[in-house]
Amino acid sequence: MSCVACKDGVGFDLPITMAFQPIVDVGGETVFAYEALVRGQGGQGAGEVLAQVSADNRYGFDQLCRTTAIDLAARLDLAAGGACLSINFLPNAVYEPRACIRATLAAAMKTGFPLDRIIFEFTEEEALDTQHILNILRAYRAMGFKTAIDDFGAGFAGIGLLSKFQPDVVKLDMALIRDIDTDRVKRTIVSHTLDMLRDLDIQPVCEGIETVGEYDVLRDLGVSLMQGYLLAKPEVEALPAVSWVRPDARSARSA
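This one's a predicted model, so the numbers in the text were calculated from it and none came from an experiment.

1. Some remarks on the overall build of the chain
Argument step 1. From N to C terminus, the chain includes 11 helices and nine strands.
Argument step 2. Across the 255 residues in the chain, those meeting the buried criterion constitute 47%.
Argument step 3. Long-range pairs, those at least 24 residues apart, make up 69% of the contacts in the chain between residues at least 6 apart in sequence.
Argument step 4. Accessible area for the chain stands at about 11700 Å²; split by element, carbon and sulfur atoms hold 49% of it.

Below you can see the structure in the form of structure tokens.
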């Protein structure tokens, strides 16, 4: 089983590395997962790296991101505490899921990283064939990986996709979270979205949390899994410490 890109795809020339940002369970004060975020080895940010991705090299870029994330996660012993590794993938860089996963499987086998601790998350930045996405997600689930939809509420991956496939995790877009403590409309939308996800047995993650006010509202809404600068910023080739929000730390954070 193979595809043209697997055999003849163009590589990605810019050397990359990964920064890791935790997704935390604030109730149990544990790390649920670390999201791998691409960076250039020369200090380039994600935007500068992604600007170098084209139709010709996106397959090579996607494959390099996967293997780099797994190699670094294994080197940092990421899974030792029970956390998962969340890897972003490009749906339009996956041609045949079971063929295009080979490098991922090889990297996991080489490093000993457990397959059931890998989450594949994606954001649709452009309209794509829903059936193609469903084929990818179903294949990944069948192979034992977890799946996630990122930036829910902002992209093309919405209710229609959820009606056909329920991933393990849905990450609510940060635009819905920003200033939720002062925006009644956002609170209403997020509250009903959380109810829907729970009814579907999907774990919701709220991302982009920057203030104690946002954190408090989300806790009141029953959110356990959170990600954002309030809790931890990404660190390159390292697993950052989490700043847990506790009563004795609130005055300092609010200042």
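There's plenty left to go through after this.
2. Concerning helix H10 (residues 212-220)
Argument step 1. Considered for burial, the residues of H10 that qualify are Val212, Glu214, Tyr215, Val217 and Leu218.
Argument step 2. The positive-phi residue at the C-terminal boundary of H10 is Gly222, with phi of around 85°.

3. Digging into the pattern of salt bridges
Opposite charge on two side chains permits pairing when their charged atoms draw close.
Argument step 1. On inspection of all chains with the given rule, the structure shows eight salt bridges.
Argument step 2. Put simply, Lys171 and Glu35 hold a salt bridge, and the shortest N to O gap is 2.9 Å. Taken together, the positions of Lys171 in strand S6 (residues 169-172) and Glu35 in strand S2 (residues 30-40) put the pair 136 residues apart, joining distant regions of the chain. An identical accessibility class is assigned to Lys171 and Glu35; each is buried.
Argument step 3. The partner of Asp62 in a salt bridge is Arg66, with the nearest N and O atoms 2.8 Å apart. Highlighted residues: Asp62 and Arg66, both in helix H3 (residues 58-75), separated by four residues, approximately one helical turn. An identical accessibility class is assigned to Asp62 and Arg66; each is buried.
Argument step 4. Here the salt bridges do not stand alone but share partners, grouping Glu35, Glu121, Lys171 and Glu207 into one network.

4. Some points on the packing of H3 against helix H5 (residues 102-111)
Argument step 1. For the pair H3 and H5, interaxial distance at closest approach is 9 Å and the crossing angle is 15°. When the axis of H3 is compared with that of H5, the two are roughly parallel. Read as a crossing pair, H3 and H5 show a hand that is right-handed. Across from Gln63, Arg66, Thr67, Ile70, Asp71 and Ala74 in H3, the residues of H5 making contact are Ala103, Thr104, Ala107, Ala108 and Thr111.
Argument step 2. Residue composition of the contact of H3 with H5, grouped by class: five nonpolar, four polar and two charged.

5. Observations concerning H3
Argument step 1. A rise of 1.5 Å per residue sets the reference length of H3, with its 18 residues, at 26 Å; its end C-alpha atoms lie 26 Å apart and thus fit the reference within 8%.
Argument step 2. For H3, the buried fraction is high: 13 of the 18 residues fall into the buried class.
Argument step 3. Where H3 terminates, the next one or two residues include Asp77, which has phi positive at roughly 55°.

6. Quick notes on the nonpolar core
Argument step 1. Formed by 67 residues in total, the largest nonpolar core has its most connected members in Met18, Leu85, Tyr140 and Leu218.
Argument step 2. Among the elements that line this core, the one with the most residues is H3, at seven residues.
Argument step 3. Formed by nine residues, the second largest nonpolar core is a distinct cluster that contains Phe32, Ile119, Ala148 and Leu225.

7. Digging into the environment of Asp71
Argument step 1. Residue placement: Asp71 occurs in helix H3.
Argument step 2. Look at Asp71 and you get partly exposed, because its relative accessible area is 34%.
Argument step 3. Expressed as a C-alpha distance, the spacing of Asp71 and Ala107, which sit 36 residues apart in the sequence, is 6.8 Å.

8. A few points about the pairing of strand S4 (residues 118-122)
Argument step 1. Judged by how many residues are buried, S4 sits mostly within the fold: five of five residues are covered.
Argument step 2. Strand direction decides the pairing type here: strand S3 (residues 84-88) and S4, joined by four bridges, are parallel. Looking at S4, one finds that Ile87 is bridged to Phe120.
Argument step 3. Of the pairings in the sheet, the one linking S4 to strand S5 (residues 146-152) comprises four bridges and is parallel in character. Paired with Phe122 across the strands is Ile149, a residue of S5.

9. Digging into the packing of aromatic side chains
Argument step 1. As enumerated under the stated definition, the model contains eight aromatic pairs in all.
Argument step 2. The interplanar angle of 50° and the centroid separation of 6.0 Å between the aromatic rings of Tyr59 and Tyr95 together place this pair among those described as tilted. Residue Tyr59 is found in helix H3, and its partner Tyr95 is found in the loop between S3 and helix H4 (97-100); the two are separated by 36 residues along the sequence.
Argument step 3. The class of Tyr95 is partly exposed, set by a relative accessible area of 40%.
Argument step 4. Aromatic rings pair up to connect Phe89, Phe120, Phe122, Tyr140 and Phe145 into one cluster.

Cut-off values and rules
- Residues numbered from 1 in each chain as written.
- Predicted model: local features only at pLDDT ≥ 70, side-chain atom pairs only at ≥ 80, totals over all residues.
- Heavy atoms only, no water.
- Helix = DSSP H or I, 4+ residues; strand = E, 2+ residues; numbered from the N terminus.
- Buried < 20%, exposed > 50% of the residue type's maximum accessible area, 1.4 Å probe, protein only.
- Contact = heavy atoms within 4.5 Å.
- Areas by Shrake-Rupley, 256 points an atom, 1.4 Å probe, with all protein chains shown as cover.
- Salt bridge = Lys/Arg side-chain N within 4 Å of Asp/Glu carboxyl O.
- Axes fitted to C-alpha atoms, helices over the stretch in contact; angles between N-to-C directions.
- Parallel < 35°, antiparallel > 145°, perpendicular 65-115°, else oblique.
- Left-handed = near helix turned anticlockwise from the far one by under 90°.
- Nonpolar A, V, L, I, M, F, W, Y, C, P; charged D, E, K, R; others polar.
- Expected span 1.5 Å × (residues − 1).
- Core = buried A, V, L, I, M, F, W, Y, C linked by side-chain atoms within 4.5 Å.
- Pairing = 2+ DSSP bridges.
- Phe/Tyr/Trp six-rings, centres within 6.5 Å; stacked < 30°, edge-to-face > 60°.

Keep in mind these values describe shape, not function.
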